[in-house]
Amino acid sequence: MAKKAGWLRRQLAGIVAVALMATLFQAARLPTASSAELDSLASRFGFTPYSVAMPGGFPQQTVRKVNQNYRHIDAWISSVGAGIAMNDLDGDGLANDLCISDPRIDQVVVTPVPGLRADRYAPFAVDLTALPTQRASAPMGCVPGDFNEDGRMDLLVYLWGRTPILYLARADATTLNPAFYQAVELLPGASGTRYGGPLWNTNTVAVDDFDGDGHLDIYVGNYFPHGPVLDDTKAGGVAMNRSMSHAFNGGEDYLFRWTGATSGAQPTVTYEMVSDALPRNVSKGWALASGANDFDGDGRQELYLAHDFGPDRLLYNQSTPGHFKFSAVKAPREPFVPNSKRVGADSFKGMGVDFGDIDGDGLYDMYVSNITTTFGLEESHFAFVNTAKNVDELRARLDDGKAPFEDRSAPLGLAWSGWGWDVKLADFDNGGELQVAQATGFLKGEVNRWPQLQELAMTNDGLLEHPKFWPRLEQGDDIGGAQRLHFFVKDRGGRYTDVAGQLGLAVPVPTRGIATGDADGDGRLDFAVARQWDAPVFYHNQSPSPGAFLGLRLTHPAAPASDTAGTPPAQGAAAVPPAQGGAAVPPPSDATATPPASGTAVASPAPGSPVVGAQVTVTTEDGRTLLGRVDGGSGHSGKRSHEVHIGLGRDVSGPVQVHLTWRDRAGQVHRQDLRLDPGWHALELGTQALEK
């Protein structure tokens with residue numbers, strides 16, 4: 001007995017240490033949902049996957065040709081470019097058209113959403129050779145928008161290897177096909193048959209009225225330094241990031257200010273390029289995603305830039321008509337909060353961004369995708385929750401250079417998922433809470449290259465910018481290739497849980513862009529996913545017991561496009577009496593999996609120009625505040641439709657209070673209160689809101 005007591009005394013310190021570690025582990029470990037809890041959360045949702053019809057006849061590839069200095073890392077260089085947008089391109093009143101950038105064929109494809117009415121037209125590729133061409137170029141994404149203000153939906157295509165191209169819908173076009181669009185340079189100056197302009201490598205654009213003059217402006221975010229990234233006949237003229245966490249040697253970013261437009265059979269639009277609107281240490285970040293949103297309710301859109309290899313930036317908008325002015329704001333230092341968890345000071349790898357009210361306090365929050373792979377690069381995503389008490393305090397803090405946001409991704413269950421890309425916050429079951437759909441995955445292959453990537457992450461920053469010091473990352477190598485789409489749902493305790501597996505969404509294929517929209521008008525948001533080096537997929541929402549919703553199609557009054565920029569806005573806001581009424585669009589029958597026929601779509605009369613940047617605040621009878629906006633194209637490479645969709649919950653049946661804020665074509669800010677029934681409404685926003 002004495003011997004045993006002596007042994008216990010000698011081992012007491014170790015026993016206490018083990019017990020303490022076990023206690024701390026149990027206290028610190030993240031909670032996990034049981035199988036029954038997962039099934040219960042997933043039971044509110046239902047999605048049916050459909051293949052997306054694509055045009056044939058194009059050469060196929062599985063990796064891109066790249067600059068000779070990049071040859072040994074051609075898989076890394078080829079890891080982006082899959083993009084997707086949902087919108088109403090043919091004017092039939094539904095967001096049932098897709099614009100897809102597909103690296104397998106290096107084309108931008110317009111195609112109908114599969115299922116019901118998929119025979120409206122045959123899928124086709126826009127004509128990338130309509131303007132002076134550059135062999136060593138490739139499209140990276142497509143953003144729908146009415147850029148010449150004639151009420152018809154145009155396309156903005158951004159690329160590596162040249163400046164972006166605008167495809168303007170012709171007023172006399174009746175069939176949706178390549179001839180439907182007139183190609184126009186965003187940056188004029190190219191002439192002849194071969195492109196001789198600057199070699200931009202654009203990975204993101206954001207479209208909104210940034211200077212408050214009533215017209216759409218364009219932010220262009222470049223990734224690699226300008227140069228021949230995709231020219232396999234050249235060696236040199238290219239570089240890699242100068243640091244894994246603090247790199248400012250990427251391609252310059254630019255803002256384009258709308259100056260005039262015309263419509264007709266040969267439509268035009270002109271922009272002024274502003275090269276000094278952003279500070280150099282912001283402009284030279286490695287931009288992978290961007291998003292615009294009016295956080296403080298002043299009618300000017302803030303701009304969030306998600307940067308690879310360095311700090312993301314939140315830019316507070318202080319512009320005036322005809323003049324861009326942005327200031328970078330940062331979250332203040334707080335005890336026990338690392339720099340990498342602060343807005344504007346992080347060192348993570350920003351890949352995607354979206355905005356929504358995560359905590360239900362009536363203020364916008366932000367969700368940002370980074371790289372979060374266990375035994376890989378385990379950073380974290382950001383759920384930046386707004387800590388301001390109200391909009392007035394938020395505006396004052398931003399004006400003082402401070403960003404009142406706190407990362408709560410870990411307690412919310414949103415911190416870790418994989419190598420993140422696009423993310424969309426949306427209410428897919430109309431339950432009154434936001435879900436989070438997130439794309440993840442990097443390179444799909446057979447040889448695990450995570451160890452080499454770990455070594456690269458610890459390499460001296462002085463070597464990183466030289467491609468020859470990078471390890472081989474070629475076709476067949478794998479980094480996060482089996483990572484899947486994620487679908488996070490909030491439980492009763494307010495924590496998010498991924499139920500993608502229960503919903504059949506967790507396919508082991510790297511995904512990039514996520515686009516959302518109500519393709520069949522039934523009030524349930526559908527979504528489409530762009531997959532890197534794989535076929536895109538469309539998910540038809542068949543959630544079994546959705547709640548009520550408010551859907552708004554907000555357009556400017558029909559008017560011919562002007563030849564000059566709009567006049568400066570007057571001060572103040574229009575006050576008009578509230579309106580009521582509006583009926584929901586009756587839902588069509590469920591979509592089918594039959595492939596589209598090779599029919600033609602007769603373009604409808606101009607459906608109207610979306611009031612990009614318009615803000616919607618809904619107040620329900622039980623006191624909840626719900627937010628929505630007309631998004632001009634935020635994210636990585638997935639673009640939601642221009643309609644505003646707000647889930648109201650399952651207990652709402654009567655009208656709700658709706659507060660609208662928008663700018664008219666003269667830049668005048670208007671605010672108006674309405675009472676609207678649940679369902680779809682089409683509102684024309686001039687000096688006041690009128691239901692069509």
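Bear in mind that the values here come from a model prediction, so they are computed numbers and not experimental data. (Residues numbered from 1 in each chain as written. Predicted model: local features only at pLDDT ≥ 70, side-chain atom pairs only at ≥ 80, totals over all residues. Heavy atoms only, no water.)

## Topic: the overall build of the chain
Right, on to step 1. Within the chain one finds 8 helices and 39 strands.
Right, on to step 2. Across the 692 residues that make up the chain, the buried fraction comes to 60%.
Right, on to step 3. The contacts of the chain with a sequence gap of at least 6 include a subset with a gap of at least 24, amounting to 67%.
Right, on to step 4. Surface summary for the chain: the accessible area is close to 25,400 Å², and the carbon and sulfur share equals 54%. (Helix = DSSP H or I, 4+ residues; strand = E, 2+ residues; numbered from the N terminus. Buried < 20%, exposed > 50% of the residue type's maximum accessible area, 1.4 Å probe, protein only. Contact = heavy atoms within 4.5 Å. Areas by Shrake-Rupley, 256 points an atom, 1.4 Å probe, with all protein chains shown as cover.)

## Brief notes about helix α5 (residues 391-399)
Right, on to step 1. For α5, the capping residue at the N-terminal end is N390, with a side-chain oxygen 3.2 Å from the backbone nitrogen of D392.
Right, on to step 2. Positioned one or two residues after α5, G401 has a phi angle of 85 degrees, which is positive. (Polar contact = N/O pair within 3.5 Å; in protein donor to acceptor, adjacent residues only side chain to side chain.)

## Notes on the pattern of salt bridges
Note on pairing: side chains with opposite charge can pair once their charged atoms come close.
Right, on to step 1. If you walk through the whole model with that rule in mind, you get 38 salt bridges.
Right, on to step 2. In this structure, K284 engages E252 in a salt bridge whose closest nitrogen and oxygen atoms are separated by 3.6 Å. Of this pair, K284 sits in the loop between α4 (280-283) and β14 (286-293) while E252 sits in the loop between β11 (217-222) and β12 (254-262); the two residues are 32 residues apart in sequence, bridging distant segments of the chain.
Right, on to step 3. The exposure class assigned to K284 is buried, which follows from its relative accessible area of 10%.
Right, on to step 4. Classification of E252 by relative accessible area gives partly exposed; the value is 21%.
Right, on to step 5. A single salt-bridge network, built from bridges that share partners, covers D90, D92, D97, R117 and R120. (Salt bridge = Lys/Arg side-chain N within 4 Å of Asp/Glu carboxyl O.)

## Observations regarding the packing of aromatic side chains
Right, on to step 1. Within the structure shown, the criterion is met by 30 aromatic pairs.
Right, on to step 2. When the centroid spacing of 4.6 Å and the interplanar angle of 15 degrees are considered together, the rings of W200 and Y254 count as stacked. You can see W200 sitting in the loop between β9 (181-185) and β10 (202-208) and its partner Y254 sitting in strand β12, a full 54 residues away along the chain. Each member of the pair W200 and Y254 is classed as buried.
Right, on to step 3. Summarising the aromatic geometry, the rings of Y223 and W286 are spaced 5.0 Å apart at their centres and angled 85 degrees between planes, so their arrangement reads as edge-to-face. One end of the pair, Y223, is in the loop between β11 and β12; the other, W286, is in strand β14, and 63 residues separate them in sequence.
Right, on to step 4. Classification of Y223 by relative accessible area gives buried; the value is 6%. (Phe/Tyr/Trp six-rings, centres within 6.5 Å; stacked < 30°, edge-to-face > 60°.)

## Some details on the sheet that holds strand β19 (residues 365-369)
Right, on to step 1. Taken together, the 4 strands give an open sheet; going across it, the order is β18-β19-β20-β21, and neighbouring strands pair in antiparallel fashion. On the outer flanks of this sheet lie β18 (352-356) and β21 (405-407), each paired with one strand and no other. Going from strand to strand, the sheet's axes swing by 20 degrees on average, the running direction of each strand aside.
Right, on to step 2. In terms of strand pairing, β18 meets β19 through 5 bridges, oriented antiparallel. (Pairing = 2+ DSSP bridges. Axes fitted to C-alpha atoms, helices over the stretch in contact; angles between N-to-C directions.)

## So, the nonpolar core
Right, on to step 1. With 102 residues, the main nonpolar core has W76, I77, Y271, W419, F487 and L660 as its most contacted residues.
Right, on to step 2. Counting 24 residues, the second-largest nonpolar core is a separate cluster that includes A331, M366, V368 and F382. (Core = buried A, V, L, I, M, F, W, Y, C linked by side-chain atoms within 4.5 Å.)

## Considering the pairing of strand β2 (residues 83-87)
Right, on to step 1. When you tally the buried positions in β2, you get 5 out of 5 residues, the bulk of the element.
Right, on to step 2. Of the two faces of β2, both are covered, the one formed by G83, A85 and N87 as well as the one formed by I84 and M86.
Right, on to step 3. Pairing of β2 with strand β3 (residues 97-102), which is carried by 5 bridges, proceeds in the antiparallel orientation. Along β3, the bridge assignment pairs I84 with I100.
Right, on to step 4. Where β2 and strand β34 (residues 638-639) come together, 2 bridges link them in parallel fashion. Bridge pairing in β34 links I84 to G638.

## Notes on the confidence of the model for the chain
Right, on to step 1. Per-residue pLDDT for the chain has a mean of 90; in total, 88% of the residues score no lower than 70.
Right, on to step 2. Under a pLDDT of 50 for its full length, residues 23-29 has, in the predicted model, 0 contacts with residues more than four places off or in other chains.
Right, on to step 3. Low confidence marks residues 561-599, where pLDDT is under 50. Its contacts with residues over four positions away, or in another chain, come to 105 contacts. (pLDDT = per-residue confidence, 0-100.)

## Remarks on the side chain of Q672
Right, on to step 1. The topology assignment puts Q672 in strand β37 (residues 669-676).
Right, on to step 2. Among the polar contacts made by the side chain of Q672, one reaches the main-chain amide nitrogen of A689 at a distance of 2.7 Å.

## Considering the pairing of β10
Right, on to step 1. Counting buried residues along β10, 7 of its 7 residues qualify, which places the element largely inside the surrounding structure.
Right, on to step 2. Here 6 bridges tie β10 to β11, and the two strands are oriented antiparallel to one another. Bridging across to β11, V205 finds its partner in V220.

## Topic: the side chain of S369
Right, on to step 1. As for its placement among the helices and strands, S369 is situated in strand β19.
Right, on to step 2. Overall, the relative accessible area of 0% leaves S369 in the buried class.
Right, on to step 3. Among the polar contacts made by the side chain of S369, one reaches the side chain of Q438 at a distance of 2.8 Å.
Right, on to step 4. The contact partners of S369, leaving out residues within four places of it in the chain, are K349, G350, M351, G352, H381, G420, W421, D422, V423 and Q438.

## A short note on unusual backbone geometry
Right, on to step 1. Despite not being glycine, F309 has its phi angle at roughly 60 degrees, a positive value.
Right, on to step 2. Position of F309 among the secondary structure elements: in the loop between β15 (302-308) and β16 (313-317).
Right, on to step 3. Taking relative accessible area as the criterion, F309 reaches 2% and is therefore assigned buried.
Right, on to step 4. A positive phi angle is found at N430, which is not glycine, with a value near 55 degrees.
Right, on to step 5. Looking at where N430 falls in the secondary structure, it is placed in the loop between β22 (420-426) and β23 (435-440).

## Quick notes on the sheet that holds β16
Right, on to step 1. Taken in spatial order, the 4 strands of this open sheet run β14-β15-β16-β17, and their pairing is antiparallel. Taken across any chain shown, the strands that pair with only one partner, and hence form the sheet edges, are β14 and β17 (326-329). Taken over all neighbouring pairs, the strand axes of this sheet differ in orientation by 25 degrees on average, direction set aside.
Right, on to step 2. The pairing of β16 with β17 spans 4 bridges and is classified as antiparallel. Paired with N317 across the strands is F326, a residue of β17.

## With respect to the environment of D146
Right, on to step 1. Relative to the assigned elements, D146 resides in the loop between β6 (138-145) and β7 (154-160).
Right, on to step 2. Sequence-wise, D146 and H215 are 69 residues apart; in three dimensions their C-alpha atoms are separated by 9.9 Å.
Right, on to step 3. Discounting chain neighbours no more than four positions away, the residues touching D146 are G151, R152, M153, D154, L216, S609 and P610.
Right, on to step 4. A polar contact is formed between the side chain of D146 and the backbone nitrogen of G151, at a distance of 2.8 Å.

## Describing the environment of V337
Right, on to step 1. With respect to the helices and strands, the residue V337 is situated in the loop between β17 and β18.
Right, on to step 2. With relative accessibility at 35%, the residue V337 sits in the partly exposed group.
Right, on to step 3. The sequence separation of V337 and E406 amounts to 69 residues, and the corresponding C-alpha distance is 9.2 Å.

## Structural notes on helix α7 (residues 450-457)
Right, on to step 1. Of the positions making up α7, those classed as buried are W450, L453 and L456. Each buried residue of α7 lies within a common arc of 115 degrees when the element is viewed along its axis, so the set occupies one face.
Right, on to step 2. Turning to α7, the residues buried within the fold contact α3 (74-77), β24 (447-448), α8 (461-464) and β25 (477-478). (Arc of directions from axis to C-beta.)

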